[in-house]
Amino acid sequence: MAGTKEIRLKIKSVQSTRKITKAMEMVAASKMRKAQERMRAGRPYAQLLISIAMHAGRANAEYRHPLLTRRGSVKRVGVVVITTDKGLCGGLNTNLLRLVLNQHKEWLAKGIEVEYCTIGNKGFGFINRMGGKIVSQVVNYGDRPSLERLIGPVKMLVDGYLEGRLDEVHIFGNRFINTMRQEPTHGTIIPIPMDWATPEGRQLGEDKVGEGGWDYIYEPDAKTVLDQLLVRYIETFVYQAAADNIACEQSARMVAMKAASDNAQNIIEELQLIYNKSRQAGITKELSEIVGGAAAV
């Protein structure tokens, strides 16, 4: 059994660790509320925008935007991977990157080349270690993501699709369900899906779009309106995915730090019990030596 001094040092070390994890839990809880508010504030706009984009894309038969056109065969895809910049958030990044790795292997098995745009340090490091081709990245995007910082690197994949270099653009990110549940998701952002049965439609939209007709009056013309609308759709989709990921990060970190604090408290209680037993054993031994010495005299 370890000496009482070593046990005391171990208890102090665990207590210091618990103070850190408790402080991180409180910080994450504060940031989580703000992140959830920003995420929920953006969802109604994103839902309405995707609804209008799908309606307009189906309603106008005279002009077919390139972002709506599906290629006959897929030989090269672009992928946006949204992860966190920091760790200590449980299995949030691990679950998402496992999904990315499985899909990457599936694409390679089909002979499809993959280009990556990574948002977040964790994804950037993982794709590098995986040997993936990274064409653009965003790191340290903070708790309040800026649209200008996010859309710049993603625009490289959009331009690649318009130029014909890429046949599809996919996105991976975590979707916020509630504080205790976050789900890794995979969807296609280009070509823009016009079917609400797709994961993208279910993610941002609530009302099903049927096959009925919608009649719009375009000003100045359908081409100009669709050009602006569909680009704004992509920007909104990426920004909302980043906002969801930040809400997921803070929620997962709060839960992970609470679990770490609880485990540290359990370890402290166990060490305290061991310390008390060791101390009692030492006192008993000293008393026995005193009694034995007195009896000898």
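Residues numbered from 1 in each chain as written. Predicted model: local features only at pLDDT ≥ 70, side-chain atom pairs only at ≥ 80, totals over all residues. Heavy atoms only, no water.

Peer 1: Explain the sheet that holds strand E2 (residues 113-119) to me, please; I cannot follow it from the model alone.
Peer 2: Consider a sheet: its strands pair through backbone hydrogen bonds, and that pairing is either parallel or antiparallel. Ordered by their spatial adjacency, five strands build an open sheet running E3-E2-E1-E4-E5, and the pairing between neighbours is mixed. Lying at the two open borders of the sheet, with one neighbouring strand each, are strand E3 (133-138) and strand E5 (181-190). Taken over all neighbouring pairs, the strand axes of this sheet differ in orientation by 20° on average, direction set aside. Contacting E2 and E3, helix H3 (residues 121-130) crosses the sheet at an angle of about 155° to E2. Together, strand E1 (76-82), E2, E3, strand E4 (168-178) and E5 form the strand contacts of helix H4 (residues 147-163), whose direction differs from that of E3 by roughly 150°. (Pairing = 2+ DSSP bridges. Helix = DSSP H or I, 4+ residues; strand = E, 2+ residues; numbered from the N terminus. Axes fitted to C-alpha atoms, helices over the stretch in contact; angles between N-to-C directions. Contact = heavy atoms within 4.5 Å.)

Peer 1: Looking at this model, I keep getting lost on the confidence of the model for the chain. Mind explaining?
Peer 2: Detailed reading of predicted coordinates is not advised where the pLDDT is low. For the chain, the mean per-residue pLDDT works out to 82, and 89% of the residues sit at or above 70. The spread of mean pLDDT over the elements of the chain runs between helix H5 (residues 199-204), the lowest at 45, and E1, the highest at 92. Across residues 196-212, confidence stays below pLDDT 50; counting only partners more than four residues off in sequence or on other chains, it has 36 contacts. (pLDDT = per-residue confidence, 0-100.)

Peer 1: Teacher, can you tell me more about the nonpolar core here?
Peer 2: Judged by nonpolar contacts, the single largest core of 46 residues is most densely connected at Leu67, Val80, Ile119, Val154, Ile190, Tyr233 and Ile234. A per-element tally of this core places helix H6 (residues 222-296) first, with 15 residues. Contacts of Val80, omitting those with residues within four sequence positions, involve Cys117, Ile119, Val154, Leu157, His170, Ile171 and Phe172. Counting 13 residues, the second largest nonpolar core, distinct from the first, contains Val77, Leu97, Trp107 and Phe172. (Core = buried A, V, L, I, M, F, W, Y, C linked by side-chain atoms within 4.5 Å. Buried < 20%, exposed > 50% of the residue type's maximum accessible area, 1.4 Å probe, protein only.)

Peer 1: What am I meant to see in the packing of aromatic side chains here?
Peer 2: Geometrically, a pair of aromatic rings is defined through the distance of the ring centres and the angle of the planes. By the definition in use, this model includes two aromatic pairs. Look at Trp107 and Phe172: their rings are 6.5 Å apart centre to centre, the planes differ by 85°, and that puts the pair in the edge-to-face class. With Trp107 in helix H2 (residues 92-109) and Phe172 in strand E4, the pair connects residues that are 65 residues apart, well separated along the chain. Trp107 gets classed as buried once you look at its relative accessible area, which sits at 5%. Looking at Phe172, the relative accessible area reads 0%, which means it is buried. (Phe/Tyr/Trp six-rings, centres within 6.5 Å; stacked < 30°, edge-to-face > 60°.)

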